[in-house]
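Single-letter residue listing:
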Amino acid sequence: MSRTVEISPLTRIEGHLAVHLETEPDESSGFRVKAARCEGEMYRGFEQILRHRDPLDAQQITQRICGVCPIPHAIASVRAQEMAYGIRQNHNGRLLQNLILAANYLHSHILHFYHLAALDFVDVTAVLNYQGSDRTLKALKNWAAEAVARSDPFAAAPLLPRYDGDYVKDADRNQRLVAHYAEALEIRRICDEMAAIFGARVPHSTAIVPGGVTQVPTAERVLSYAGRLKRVLDFIEAVYLPDLLEVATEFPQYFEIGRGCGNFLSFGVFEQDAGDSKFIGAGAVINRKWEAVDQAAIAEDVAASRYAPGPAQHPSRGQTQPQPARPGAYSWLKAPRYRGQPMEVGPLARVMVNYLNPSATWLRREVDAFLAPLNLPVEKLISVLGRHVARGLEALWIARQAGKWLDQIELDAPATCDFELPKSASGFGLTEAPRGALGHWLTIENYRIEHYQCVVPTTWNCSPRDSQGKPGPVEAALEGLVLRDPSQPIEAGRVVRSFDPCLACAVH
């Protein structure tokens, strides 16, 4: 007999997401997902908030879209403004923006693995039985025991709510991973301190402006950032990547699960020089064929979205007119498509785009070197565990590269440039948030914002079906999944969280 599975809300993500699964009995004695829907349940309307505002408000307002990834929104906004104003960042401005963004990436990747997704694999409730002398674990045990005693799902997060399932079996390994959960809290704080050194404050930086950063880099600030960066890099090398391998050892089947749509998109991130080169490059992969990105090929489909109906539109012309009771619509996310295709974005997409780019030789060498001891071909990265591996490798690469950017800073020199606000202009800013491809499109009329549209990573990944009936990447990754027990759908949680959804960003 077929079963309907509702996961609402799906916890340990940013924002409000419901997952609707239609299942049928499977020969494995479980239930196989035959159709999936990702339902964004919240409307926010930032595009309307921005209309008729001063363009220089944009990087501040759009940072409020998200408290986890505000810095990428600031970067995308100032890129759109820089195009409209006809300017570029100066030398220090480029480097400091990269360093602020790098700190945000490291914070986000560590947050995702340890405090959101790893709890699908690690039995954090084991801390309740801890008998050792580690002060952090003892404090975590006391807090957890009190929260569970109160049966308060908010106070007890991440212990509750929780599915029964197969967690890490080895008790010592599990305890070690729980200890690293606690240590990662401190590392995240250090990452935020790094971002604030040049960004003035976090989570919403006041220092990022068109053309650069208002902070002047001093020797004290550079050394302060460098000391913290070393601590974070040591954690990535000695803890984060080994923990990824521990989880991969216990759950190798998740290299076979959650493939998704198989198409990938990256806008590229971290400007390398005055030209257009990026540390992590741009590109699109459709049917394993690489191509350069054409932003004109992007369109937002609203066939299953709670907005006024109409044809798919390029973001520069896109409208945000809510219709909450629209028949047949099931999500507040639009369905962005590239050349009419759903596209996965995020760390895995960046890895696959650059791996298949003939000119990105350094990244291919890094990926092959990591996969060789595991005896895995690169195709196995297109999976639940592959997304986690891509995130960990990217954290390593960014932390190492940040040290090189520090060395290039010109001390006590300006980090921004002068510009004039045009009466009429337009521009777009394409970058990468930790979760994937991020674009802002801007039109200015009479010195005010006339039109603003954001297409964010989770809008790509958690998009609903389009007018052709094509599911979004997360919906596609869920279809075919086998649930051992539909009342305890831990497998679905693992698939969805591997994308690191941020519904606060994705809904308009």
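Predicted model only: the values in this text are computed from it and were never measured. (Residues numbered from 1 in each chain as written. Predicted model: local features only at pLDDT ≥ 70, side-chain atom pairs only at ≥ 80, totals over all residues. Heavy atoms only, no water.)

Take the layout of surface pockets next. As a volume, the largest pocket reaches approximately 440 Å³. What lines the largest pocket is a set of 17 residues, among which Arg 79, Met 83, Glu 271, Asp 276 and Lys 278 lie closest to the centre. Those elements giving two or more residues to the lining of the largest pocket turn out to be helix H3 (70-85), strand S6 (264-271), strand S7 (278-286) and strand S11 (425-433). Across the lining of the largest pocket, the residue classes break down as seven nonpolar, four polar and six charged. (1 Å grid on protein atoms, 1.4 Å probe; cavity = no way out; pocket = protein on both sides within 12 Å on 5 of 7 lines; lining within 4 Å. Points joined across faces, edges and corners; volume = space filled by probe spheres on them. Helix = DSSP H or I, 4+ residues; strand = E, 2+ residues; numbered from the N terminus. Nonpolar A, V, L, I, M, F, W, Y, C, P; charged D, E, K, R; others polar.)

Our focus in this paragraph is the nonpolar core. The biggest cluster of nonpolar side chains holds 145 residues, and the ones touching the most others in it are Leu 106, Phe 198, Tyr 225 and Leu 478. Of all the elements, helix H4 (residues 91-117) adds the most residues to this core, at 14 residues. When near neighbours in sequence (up to four residues on either side) are disregarded, Tyr 225 contacts Leu 99, Ala 102, Ala 103, Met 194, Ile 197, Phe 198, Ala 402 and Leu 406. Residues Ile 286, Val 345, Ala 437 and Trp 441 belong to the second largest nonpolar core, which totals 14 residues. (Core = buried A, V, L, I, M, F, W, Y, C linked by side-chain atoms within 4.5 Å. Buried < 20%, exposed > 50% of the residue type's maximum accessible area, 1.4 Å probe, protein only. Contact = heavy atoms within 4.5 Å.)

With that settled, the discussion passes to the pattern of salt bridges. Where charged atoms of side chains with opposite charge meet at close range, the side chains can pair. In this structure the tally under the stated criterion is 30 salt bridges. Here Lys 230 makes a salt bridge to Asp 234, at a shortest N to O gap of 3.0 Å. One end of the pair, Lys 230, and the other, Asp 234, are both in helix H7 (residues 219-250), four residues apart, so they sit about a helical turn from each other. Among the salt bridges present, the one from Asp 466 reaches Arg 337, with a minimum N-O distance of 2.7 Å. One end of the pair, Asp 466, is in the loop between helix H11 (457-461) and helix H12 (473-478); the other, Arg 337, is in strand S10 (residues 335-338), and 129 residues separate them in sequence. There is no split in this pair, since Asp 466 and Arg 337 are both buried. Overlapping salt bridges, with partners in common, bring together Glu 183, Glu 186, Arg 189, Glu 193, Arg 228 and Arg 231 in one network. (Salt bridge = Lys/Arg side-chain N within 4 Å of Asp/Glu carboxyl O.)

Closest axis-to-axis distance for the helix H8 (residues 347-355)/helix H10 (residues 384-407) pair is 8 Å, and the angle between their directions is 75°. Classified by the angle between their axes, H8 and H10 sit roughly perpendicular to one another. Residue-level inspection shows Pro 347, Leu 348, Arg 350 and Val 351 of H8 in contact with H10, the latter providing Arg 387, Ala 390, Arg 391, Glu 394 and Trp 397. Its residues assigned to classes, the contact of H8 with H10 shows five nonpolar, no polar and four charged. (Axes fitted to C-alpha atoms, helices over the stretch in contact; angles between N-to-C directions. Parallel < 35°, antiparallel > 145°, perpendicular 65-115°, else oblique.)

This part takes up H10. With 24 residues, H10 extends 36 Å between its outermost C-alpha atoms, agreeing within 8% with the 34 Å of an ideal straight helix rising 1.5 Å per residue. In terms of residue burial, H10 counts as a mostly covered element, since 20 of its 24 residues are buried. Where H10 begins, the side chain of Ser 383 points an oxygen toward the backbone nitrogen of Gly 386, at a separation of 3.0 Å. (Expected span 1.5 Å × (residues − 1). Polar contact = N/O pair within 3.5 Å; in protein donor to acceptor, adjacent residues only side chain to side chain.)

Read these as spatial facts, not as claims about activity.
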